[in-house]
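# Coordinate inspection notes
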Amino acid sequence: MTEKIRMTNGRLQVSHQPIISYIEGDGVGRDIWKNVRLLIDSAVEKTYGGGRRIIWQELLAGKKAFDQTGEWLPAATIEGIRENLVAIKGPLETPVGGGIRSLNVALRQELDLYACVRPVRYFNGVLSPLKAPEKTDITIFRENTEDIYAGIEWEAGSRDVKRVIAFLQDQMAVKNIRFPSSSSIGIKPISKEGSRRLIRAAIDYALKHDLKRVTLVHKGNIQKFTEGGFRKWGYELAQKEYGDAIKMGRLEITDCIADNFLQQILLKPEQFDVVALTNLNGDYASDALAAQVGGIGIAPGANINYQTGHAVFEATHGTAPDIADKNQANPCSMLLSGCMMLEYIGWHEVAKAITRALERTFATGIFTADLAGERKAYSTSAFSRQVLENL
């Protein structure tokens, strides 16, 4: 029976024919999505013998939406995801000039998708700049709605920035704006509530997956009340809500300064299991970690509100217009995000089947151009066929 996914008493209710939204994406999204959809549908069919299937519902965003509706992010798309709870999307072109700065950020803000989840692991056979990339197996929890991504800033020389600077200097006695006449000003909100819900999600994930170490990454040595608050509130939350798990040795909470973290993931990545970060630090760290295991082409991602159940799973790379419609793009970021989606709705067997098929494909030396190096490069469709055979 076809049914929408629902959240009841904190748990997702998923039928054998759930409705899931998809956004094809711009640029290489057109090449990637049709192959990813085929692989997911085939894996579901093989795993459950026809007993389950996904009912896909297309929603529009990005250039395709603008061409058809005159809007980059139609209200109907937001409402569709809000209604269906779960969606998967390809990369989106961001409009140049005024208006929406980033469609991805807009989606996260509109749906309050406060946790950006990025599991980073190595696949045998993939080229990596590290000597021992297999030691990298880290899940990033990046706060997704606050920090500088709130978009609160004023341009240098504008009337508004002059008012802000005057307020800071006259009302708040701020003395250390070195060049006030030529400064732009930005505001960095970090809240106790926003920090706690993100860190709570990271700890819950660690305990669910039998991972012991949760690390709070921050720049609290410089930004005492924002980044420092994130660290402080994280420790307080852990002691108050997870004290028993800490006493039993099931959970260990530590923290790390952001710049040191970027050093340590190169030197000793095996010391980290689950990492919780503020928005900007999480942005830097997730791409840096992806590079350690082969690149952003195999980096999956999800944006989740664990309280309401809303989740958007996405390719983490850009639209790559130089290779769009040339059947050259790597589908793995979106495919692995699809695996995260399947795990999220409780279809663990399908996610494992696809992941094993990818492992076998890489192990036999089959890669798209971004991962091939000097080896033979397979097209998007040819690579996907090999994964399909390995299912």
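Up top you'll find the structure we're talking about.
The shown structure was predicted, so the numbers you read here are calculated from the model rather than taken from an experiment.

It is worth spelling out the nonpolar core at this point. Ranked by internal contacts, the top residues of the largest apolar core, which has 90 residues, are Phe261, Phe313, Leu342 and Phe362. Looking at this core element by element, the count peaks at 9 residues for helix H11 (residues 332–344). When residues no more than four places from it in sequence are discounted, the contact partners of phenylalanine 313 are Val86, Ala87, Ile88, Lys89, Gly301, Ala302, Ile304, Ser337, Met340, Met341 and Tyr344.

Here the focus is helix H14 (residues 380–390). Thr380, Ser381, Ala382, Phe383, Ser384 and Val387 are the residues of H14 that are buried. Against helix H1 (29–48), H11, helix H12 (348–363), strand E16 (367–368) and strand E17 (377–378) lie the buried residues of H14.

Mapped onto the secondary structure, serine 381 falls in helix H14. A distance of 2.9 Å separates polar atoms of two side chains, one belonging to serine 381 and the other to asparagine 327. If near-sequence neighbours (up to four positions away) are discounted, serine 381 is found in contact with Asn35 and Asn327.

Moving on, we come to unusual backbone geometry. At asparagine 9, a position not held by glycine, the phi torsion is positive, near 50°. Within the element layout of this structure, asparagine 9 appears in the loop between strand E2 (6–8) and strand E3 (11–13). Backbone geometry places alanine 173, a non-glycine residue, at a positive phi of 60°. Here alanine 173 lies in the loop between helix H5 (159–170) and strand E10 (185–186).

Attention shifts here to the pattern of salt bridges. This model, assessed by the stated rule, comprises 22 salt bridges. Two residues, arginine 197 and aspartate 112, come together in a salt bridge whose shortest N-O distance is 2.7 Å. Here the residue arginine 197 occupies a position in helix H6 (residues 192–208), and aspartate 112 occupies one in the loop between helix H4 (103–111) and strand E7 (115–121), the gap between them amounting to 85 residues. Salt bridges sharing common partners tie together Lys4, Arg6 and Glu83.

Counted residue by residue, strand E4 (residues 17–23) has 7 buried out of 7 residues, so it is predominantly covered. Burial along E4 is two-sided: Gln17, Ile19, Ser21 and Ile23 and Pro18, Ile20 and Tyr22, pointing in opposite directions, are all buried. Here E4 runs beside strand E5 (residues 55–58); their pairing, made up of 4 bridges, is parallel. Note on E5: the bridge partner recorded for isoleucine 20 is tryptophan 56. The parallel pair E4 and E5, bridged by H1, forms a crossover whose chirality is right-handed.

Basis of the calculations
- Position numbers for residues start from 1 in each chain and track the written sequence from start to end.
- Where totals are concerned, whole chains, interfaces and linings use all residues; where local detail is concerned, this predicted model gives features only for residues with pLDDT of at least 70, and gives and counts side-chain atom pairs only at 80 or more.
- Hydrogens and water are ignored here; the side-chain numbers use all heavy atoms of the structure.
- Buried Ala, Val, Leu, Ile, Met, Phe, Trp, Tyr and Cys residues form a nonpolar core when they are joined through side-chain atoms within 4.5 Å.
- Using a 1.4 Å probe on the protein chains alone, a residue whose accessible area is under 20% of its type maximum counts as buried, one over 50% counts as exposed, and one in between counts as partly exposed.
- Numbering of helices and strands runs from the N terminus; a helix is a DSSP stretch of H or I covering at least four residues, while a strand is a stretch of E covering at least two.
- By definition in these notes, contact holds between two residues if any of their heavy atoms fall within 4.5 Å.
- Throughout this description, a polar contact denotes any pair of N or O atoms lying within 3.5 Å of each other; where both atoms belong to protein, one of them has to be capable of donating a hydrogen while the other can accept it, and for residues adjacent in sequence the pair is counted only when both atoms sit in side chains.
- Put simply, a salt bridge is a Lys or Arg side-chain nitrogen that is within 4 Å of an Asp or Glu carboxyl oxygen.
- Whether two strands pair depends on DSSP finding at least two bridges between them.
- Seen with the strands pointing away from the viewer, any crossover whose path from the first strand over the helix to the second strand runs clockwise is right-handed.

All we've got here are geometric facts, nothing functional implied.
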